[in-house]
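# An overview of the molecular structure
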Amino acid sequence: METIIIKPQKGLASLNLLEIIKYRELFLSLVLRDIKVRYKQTIVGSLWAIIQPLTAMVLFSFFFGKIAKIPSDGIPYPIFSYAGLLLWTYFSGAVNMASGSVASNAGLITKVYFPRPIIPIAATMVGLIDYAIALIILIGMMIFYKFTPTINIIFLPILLFFTWLLSAGIGFWFSATNVLYRDIKILLGFIMQLWIYATPVIYPLSVAGNFKWIVVLNPMTGIIESHRSIFLNTPMPDLGILIYSALFAIVVFITGLFYFKSIERRFADEI
Amino acid sequence: MKFNMTDTVIQAEHVSKKYVISHYEKLTTFSDVLSNISSIPKRIISKNQNSEDFWALKDVSFEVKQGEAIGVIGRNGSGKSTLLKILSRITEPTQGIIKLKGRVTSLLEVGTGFNGELTGRENVFLNGSILGMTKKEINKRFDEIVDFAGVEKFIDTPVKRYSSGMYVRLAFAVAAHLESELLLVDEVLAVGDAQFQKKCLDVMNNLAKSGRTLLFVSHNANAVSQLCSKVIYLQDGSIVAQGKTQKIINDYLSYSTTKSTTLFTQTENKSKEVNLRKVYLDDSQNKDKNLFDYNQAITVNIEYEINKEMENVNVWIGLQASDGNMVFTTVDCDLKPNLLQNRSIGYYKTHLSLPGKFLNIGDYLIIVGIVKNDPLKVFDRVEALQITIKPESNSEHIVFKDGPRKGYVQPLLNWSTEKLYE
């Protein structure tokens, strides 16, 4: 029979990844719950998944494409920006959901035991459905503008994986801190608002010129540029930039998980 | 199931839990930190003087064997909820070690994780998996669960459309069909009307009889004596006694909590139109105690200030039983409607006498409120005092052999009996 030992934790938290795997059914239930509840009692339902990036695309196309005439690597600006916004919308949504997830699941955390990292991880999964729905629009636009995806499309899962990894990593940091200081959530809204402009979502990396080295310090730069490249055959960023993005995501995820695990014992008392 | 009756399933050794209470207001947002930045050096230097350690549990050790039904009893603040939270792994102990054997489920409330937007069916699966059931197990017992709850017709309706009774029944039905070997149950589970409470206790009784181990936390002596064969009695974070139920329950009921609140006070506040200042018990024989003999009358005194001339002010007292049900509510103007007329600024005192030979044996909470009608405005509503009614010291005729009589009140009523025929 299984024996559980309860005692004060000392020193560096153990990650206990096996336990997370043991609770995979609960994890799936929570993801399923978030998906089901997401668009309940809304009029247009899952159309929201499309409306968000689509509206942003229309606005940006008008202001940046038409008025400011920002270059777009020689391809029509609407599809250029949409290919970036699609992944960015997933990323910022996932970061936001994950960061508020521990506080919004206070009812569970103060009443039931389960490995806590499940909560922010589950929160980052819901957006993948929205991503899939919004992808349909991109495919429609590709047909309209006569684009064929490159062979590199096979790397899409890898790009999604690192986007997810980074969002979950940031989610660990912010969701745990948010339990102690609630204004983290407000700060985060602010960060995400600015971060999109620091990322080549609505402009190509090529316009950065001499400042390119600053822009590529942003881990999302390589990911967004590649995401656009595999669909629209725009220039692929250097491999070095991609490896940097991947390593960045891995480091944020692992440090975030350790940080989360070290704060998690205080959740029930502080929430 | 194969097990040895002498198996220990819970072994707790020297478990303690410390909370640090800061006398400074806690800084939980950056703006708090910024606006209190000048006090921070002081906070750091004087850390020890301005925060206080509070031990919610002190050196608690006990053992529970396979198949036992154990009650943990104690008054509010005795540490029983903290103990349950530690056993449930929601918060960790500061010291000590606990070993749990087998599959553990803790029920700290009914319907943890229930989501109003989801249907009954979806919530059964969600709640089941939160409580540690696998999808396969829930599938297997789904019909039983729905049947038990009696909500077949509404199983595909979002639970936000359920009546509160249906909601609680469905939520409890999931809990009642858990297959774990060790159940940790909080008293709040026994909420709802008397009939439902009985159903809950029956289910837990059956679980206990089927060889499952049950740890039931409560301040309700009645529920504990119905369910449990052994009891752990907690007070101020320590175990004061453990053993056979009846003996411990008697100790529990007859113990006078000298430290418990017999006086509620609030400071003067002229900015509040009406302000409750004091609530206290005044009984000629029992000055500082809140323990009363069944036949004793109890006087509740209330002092309040009115800082602005106004009409329609009234004071009420609600008496709440330990299971959370309100026994009665009484208002100062019930028989004196002229109290609702214009009241001038000043300091007032009112008192209410509860007759002896009226309340049944048990714990009661005295809730005091001051409100203004038309439009309704609540100035204060406080759970002011706790009182305990115990059997009279010289005779125990109002207590049945197997425990106190049922019910919140125990009036002595006049029966008249005559012989009709031989």
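In this report, we go over the structure that sits alongside the text. Note on numbering: residues in each chain are counted from 1, in written sequence order. Chain A is the first chain written and ligand 1 is the first ligand written, with later ones labelled in order. Thresholds applied to this predicted model are a pLDDT of at least 70 for local features of residues and 80 or more for the giving and counting of side-chain atom pairs; totals over whole chains, interfaces and linings are not thresholded and use all residues. With hydrogens and water stripped out, all remaining heavy atoms of the structure feed into the side-chain values.

### What about the overall build of chain B?
We count it as follows: Helix and strand definitions follow DSSP, with helices as H or I runs of at least four residues and strands as E runs of at least two, each counted in order from the N terminus. Contacts between residues were defined by any pair of non-hydrogen atoms, one from each residue, lying within 4.5 Å. Per-residue and other accessible areas were derived by the Shrake-Rupley procedure at a 1.4 Å probe size, with only the shown protein chains allowed to occlude residues.
Helix and strand content of chain B: ten helices and 20 strands. Considering only contacts within chain B whose residues lie at least 6 apart along the sequence, 72% involve residues at least 24 apart. Total accessible area on chain B is roughly 21,400 Å²; 51% of this is exposed by carbon and sulfur atoms.

### Looking at the interface of chain B and chain A
Cut-off, in case you're wondering: A quick way to say it: buried area is the sum, across both parts, of accessible area lost when two parts are put together, with a 1.4 Å probe. By definition here, a salt bridge exists when the distance from a side-chain nitrogen of Lys or Arg to a carboxyl oxygen of Asp or Glu is within 4 Å. Pairs of N or O atoms are called polar contacts if they sit within 3.5 Å, as long as, within protein, a hydrogen donor faces a hydrogen acceptor (for residues adjacent in sequence, only side-chain-to-side-chain pairs).
Listed by partner, the interface residues are 47 residues for chain B and 37 residues for chain A. Interface area, chain B with chain A, both sides summed: about 3,600 Å², of which 59% is carbon and sulfur. Here chain B and chain A share four salt bridges between them. Across the salt bridge formed by Glu 122 of chain B and Lys 36 of chain A, the nearest N and O atoms sit 3.6 Å from each other. At the junction of chain B with chain A, the criterion picks out eight residue pairs in polar contact (both at pLDDT 80 or more). Those elements giving two or more residues to the side of chain B that touches chain A turn out to be β1 (8-22), α1 (30-35), α4 (80-87), β4 (95-101), β5 (104-107) and α5 (120-130) of chain B. The biggest single contributor to the side of chain B that touches chain A is β4 of chain B, with seven residues.

### Some details on the side chain of Glu 264 of chain A
Residues and elements named next belong to chain A. How we decide: A simple rule labels every residue: compare its accessible area, found with a 1.4 Å probe on the protein chains alone, to the largest value its type can have, and call it buried under 20%, exposed over 50%, or partly exposed in between.
With respect to the element layout, Glu 264 can be found in helix α11 (residues 239-264). The exposure class assigned to Glu 264 is buried, which follows from its relative accessible area of 14%. Non-local contacts of Glu 264, meaning those with residues more than four positions away in its chain, are made with Arg 116 and Pro 117.

### A look at the pairing of strand β7 (residues 213-218) of chain B
Residues and elements named next belong to chain B. Short version of the rule: In this scheme, strands are said to pair when DSSP sees at least two bridges between them.
Here β7 lies mainly inside the structure; six of its six residues are buried. The pairing of strand β3 (residues 69-73) with β7 spans five bridges and is parallel. When the sheet's bridge partners are listed, Ile 70 is paired in β7 with Leu 215. Across five bridges, strand β6 (residues 182-186) lies against β7 in parallel orientation. Within β7, the position partnered with Leu 184 by the bridge is Leu 215.

### A few points about the nonpolar core
Condition: Buried Ala, Val, Leu, Ile, Met, Phe, Trp, Tyr and Cys residues form a nonpolar core when they are joined through side-chain atoms within 4.5 Å.
Counting residues in each nonpolar core, the largest one holds 85 residues, and the members touching the most others are Trp 88, Phe 91, Tyr 131, Leu 138 and Phe 231 of chain A. Discounting chain neighbours no more than four positions away, the residues touching Tyr 131 of chain A are Leu 86, Leu 87, Tyr 90, Leu 156, Leu 160, His 227 and Phe 231 of chain A. The next biggest cluster of nonpolar side chains, apart from the first, holds 51 residues, and it includes Met 166, Val 168, Ala 175 and Met 204 of chain B.

### Structural notes on the sheet that holds β5 of chain B
Residue and element names in this part refer to chain B. Stated formally: Orientation is described by lines fitted to C-alpha atoms, with helices fitted over the stretch in contact, and by angles between N-to-C directions that extend from 0 to 180 degrees.
In space, the six strands of this open sheet follow the order β5-β6-β7-β3-β8-β9, with mixed pairing throughout. Here the strands that pair on one side only, and so sit at the sheet edges, are β5 and β9 (238-244). Each strand of the sheet is rotated relative to its neighbour by a mean of 15 degrees, with strand direction disregarded.

### A closer look at the environment of Tyr 233 of chain B
Residue and element names in this part refer to chain B. Mapped onto the elements, Tyr 233 comes out in strand β8 (residues 230-235). Its relative accessible area of 4% is what places Tyr 233 among the buried residues. Placed 14 residues apart in sequence, Tyr 233 and His 219 show a C-alpha to C-alpha distance of 9.7 Å.

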